[in-house]
Amino acid sequence: MVHQRQLSKASGKEIDIDVLVIGAGPTGQGAAKRLHQIDGPSWMIIDSNEVPGGLASTDVTPEGFLYDVGGHVIFSHYKYFDDCINEALPNETDWYQHQRISYVRYKGLWVPYPFQNNISMLPKEDQVLCLEGMIDATVEARVATTKPKDFDEWILRNVGEGIADIFMRPYNFKVWAVPTTKMQCQWLGERVAAPNLKLVTKNVVLNKTAGNWGPNATFRFPAHGGTGNIWIKVAETLPKQNTRFGDHGRVQLIDADHKRVLLGDGTTINYQKLISTMSLDYLCETMRDEELVKLTKELFYSTTHVIGVGLRGARPERIGDKCWLYFPEDNCPFYRATIFSNYSPNNQPAASKKLPTQQLADGSKPSSTTAKEGPYWSIMLEVSESSMKPVDQENMLKDCIQGLINTDMIEPDDEIVSTYHRRFDHGYPTPSLERDGVLKQILPRLYDMDILSRGRFGSWKYEVGNQDHSFMLGVEAADNVVNGAAELTLNYPDFVNSRLNNERRLVDGAQFFKSMKGIRNEGVALRPSEDASVGAPKSFAQSSSAT
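Residues numbered from 1 in each chain as written. Predicted model: local features only at pLDDT ≥ 70, side-chain atom pairs only at ≥ 80, totals over all residues. Heavy atoms only, no water.

Participant: It is not clear to me how helix H10 (residues 435-448) should be interpreted in this structure. Could you clarify?
Facilitator: Note on helix geometry: an α-helix contains 3.6 residues per turn, so any two residues three or four positions apart are oriented the same way. Over its 14 residues, H10 runs 20 Å from end to end, which matches the ideal 20 Å to within 8%, given 1.5 Å per residue. Listing the buried residues of H10 in full gives Arg 435, Val 438, Leu 439, Ile 442, Leu 443 and Leu 446. Down the axis of H10, the smallest arc covering the buried residues is 105°, so these residues share one side. For H10, exposure combined with an orientation more than 90 degrees from the buried face picks out Lys 440 and Asp 448. Residue Asp 450 follows H10 closely and has a positive phi angle near 65°. (Helix = DSSP H or I, 4+ residues; strand = E, 2+ residues; numbered from the N terminus. Expected span 1.5 Å × (residues − 1). Buried < 20%, exposed > 50% of the residue type's maximum accessible area, 1.4 Å probe, protein only. Arc of directions from axis to C-beta.)

What follows is the structure in structure tokens.
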């Protein structure tokens, strides 16, 4: 139960709880879901937004087109994540199942993803460059005695100079907004396909393609409400009395020394443990900790612009059932395009809805602005920005529409009925060369203050930044808080990404912790142990397992 103390009107209300969770995105909801399941320490989850979801939210344009905050799809490494998502959206009609159909646009061609496995589709001169580079890389990799010093060297060792220059370097710069020489390579794991030289050579000779690589070769997408609807529905499974969303959930100040948080409406929350999913730099600023703030200045991130274009007309045959597409060349500002209307027919207005044409794709005015019926389809684009890759924000929408024409995605006379542009300051947490050294200083120091900073930007690890990872970072943080359990996702990304993690289950875990509740009622303290040995986790319950 959340304990509240009403103070004088001048000082506002005080709330006493055991565990405070800041942020209602996937990570915060993962922590809250687990704390609710355990039914042990008192807890509360707060967020400054009225609608939960964080960086996994969905916006709707005035015309009725939906756009996610970037390209999100559901695939999972964890049974517990699946359990919670299926509980929130339990019906078969809640989802659409998709086979990933993905391409790279190169020299007017659609090269099946992953590019490095499908150089058989390239012009002959490019095939030769790529094969020569792959052969050189294979030979050099056999004699190498050291690990690659950065992402660029990793690329050269794995795919060679040809593919590096044609695709990997230009594409990754467009994504990360930093050169590959300024990125480490420990984050890669399953995210970049390592080509099989023999198979690639065979496919070149036989003119064959290879596809369906990676963990997201199949995925599902909500039938209604976009990705954001998942997190709205998960939040609805939490008790409302433990949630505080909106301005009265906005954090103004964190007093780590006295373990209290001042909210936007003047309320003070006194906590024992804090699970924060705010970006690590903003967390330290909110704590007014100058030393930690200085450390966060060494962390790098890129900004993401999400652009949406809603069009009238039947989906063109050349677009077909494509999912998402990659663009390494400089004939368009975006690095990725998602055919968002393909994910669900409810991501755009019904064909019967009448909308006026705002402009033609070439920028000219339509012959008529009378509202007409559809059908409609839509494209979602992503553009990165950083100090090393500035953008023309004022003309970005216009430049992106021209880029769609340049890449044959749309025609100059296509009717645009809706546009969308939103800038997300913290888009990608960059796995820079300095990152791990900084995190090894900041995260343990915060932990010693009883603050667990977790999530896509809370722990700043892109390799565990998908929705399933982010959710489980919160779940495992809650388990650590309650009984000192190891946080595998945070500390062992390669391990959790290489297996199906089915140790936690929504039902089994609840049964386990209900049995533990009886033990706690017999006198085991809920407050942090005072006689814990140095370096041992400070936990609420004296139990030996989190699962």
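That was the structure; now back to the text.
Participant: Explain the sheet that holds strand E16 (residues 301-312) to me, please; I cannot follow it from the model alone.
Facilitator: Note on sheets: strands pair through backbone hydrogen bonds, and any given pair is parallel or antiparallel. Read across the open sheet, the 8 strands follow the order E9-E8-E17-E18-E20-E16-E21-E19; overall the sheet is mixed. Each edge of the sheet is formed by a strand with only one pairing partner; in this case those strands are strand E9 (109-112) and strand E19 (359-360). The sheet contact formed by E16 and strand E20 (residues 376-385) spans 10 bridges and is antiparallel. Paired with Leu 311 across the bridge in E20 is Trp 377. (Pairing = 2+ DSSP bridges.)

Participant: Explain the sheet that holds strand E22 (residues 451-453) to me, please; I cannot follow it from the model alone.
Facilitator: Judged by pairing direction, the sheet is parallel, and its 5 strands sit side by side in the order E11-E4-E3-E15-E22 without closing on themselves. Looking at which strands have only one partner, the edges of the open sheet turn out to be strand E11 (243-245) and E22. Across the sheet, the mean angle from the axis of one strand to that of its neighbour is 15°, orientation sign disregarded. Sheet strands in contact with helix H11 (residues 467-483) are strand E3 (19-22), strand E15 (273-276) and E22, and its direction is about 170° off that of E15. (Axes fitted to C-alpha atoms, helices over the stretch in contact; angles between N-to-C directions. Contact = heavy atoms within 4.5 Å.)

Participant: Sorry, what's going on with unusual backbone geometry here?
Facilitator: In most cases, non-glycine residues show a negative phi, while peptide bonds are predominantly trans. Residues Tyr 113 and Pro 114 are joined by a peptide bond in cis, for which omega reads 0°. The peptide bond linking Gly 374 to Pro 375 adopts the cis configuration, its omega dihedral lying at 10°. Mapped onto the fold, Pro 375 is located in the loop between E19 and E20. Positive phi is not limited to glycine here, since Lys 259 has a value of about 55°. Its location among the elements puts Lys 259 in the loop between strand E12 (251-255) and strand E13 (260-263). Residue Asp 408 is not a glycine yet carries a positive backbone phi of 65°. Within the secondary structure, Asp 408 sits in the loop between helix H9 (396-406) and strand E21 (415-429). For Asp 408, a relative accessible area of 43% gives the class partly exposed.

Participant: What should I look at first to understand the packing of aromatic side chains in this one?
Facilitator: Aromatic ring pairs are reported here in terms of the distance separating the ring centres and the angle at which the planes meet. Per the stated rule, a full pass over the model turns up 31 aromatic pairs. Between the aromatic rings of Tyr 67 and Phe 340, the centroid separation amounts to 6.3 Å while the plane-to-plane angle is 25°, which identifies the pairing as stacked. Of the two residues, Tyr 67 is situated in strand E6 (residues 66-68) and Phe 340 in the loop between strand E18 (336-338) and E19; the sequence distance between them amounts to 273 residues. Neither residue differs from the other here; Tyr 67 and Phe 340 are each classed as buried. Note on Tyr 171 and Tyr 326: the rings are 5.4 Å apart at their centroids and 90° apart in plane angle, and the pair reads as edge-to-face. Highlighted residues: Tyr 171 in helix H4 (residues 151-176) and Tyr 326 in strand E17 (residues 324-326), separated in sequence by 155 residues. Tyr 326 gets classed as buried once you look at its relative accessible area, which sits at 8%. Ring-pair connections join several aromatic residues into one group, and the members of that group are Tyr 67, Phe 219, Phe 221, Trp 324, Phe 340, Tyr 343 and Tyr 420. For the cation-ring pair, Arg 220 lies above Trp 95, with the distance from its terminal atom to the ring centre recorded as 4.1 Å. (Phe/Tyr/Trp six-rings, centres within 6.5 Å; stacked < 30°, edge-to-face > 60°. Lys NZ or Arg CZ within 6 Å of the ring centre and 35° of its normal.)

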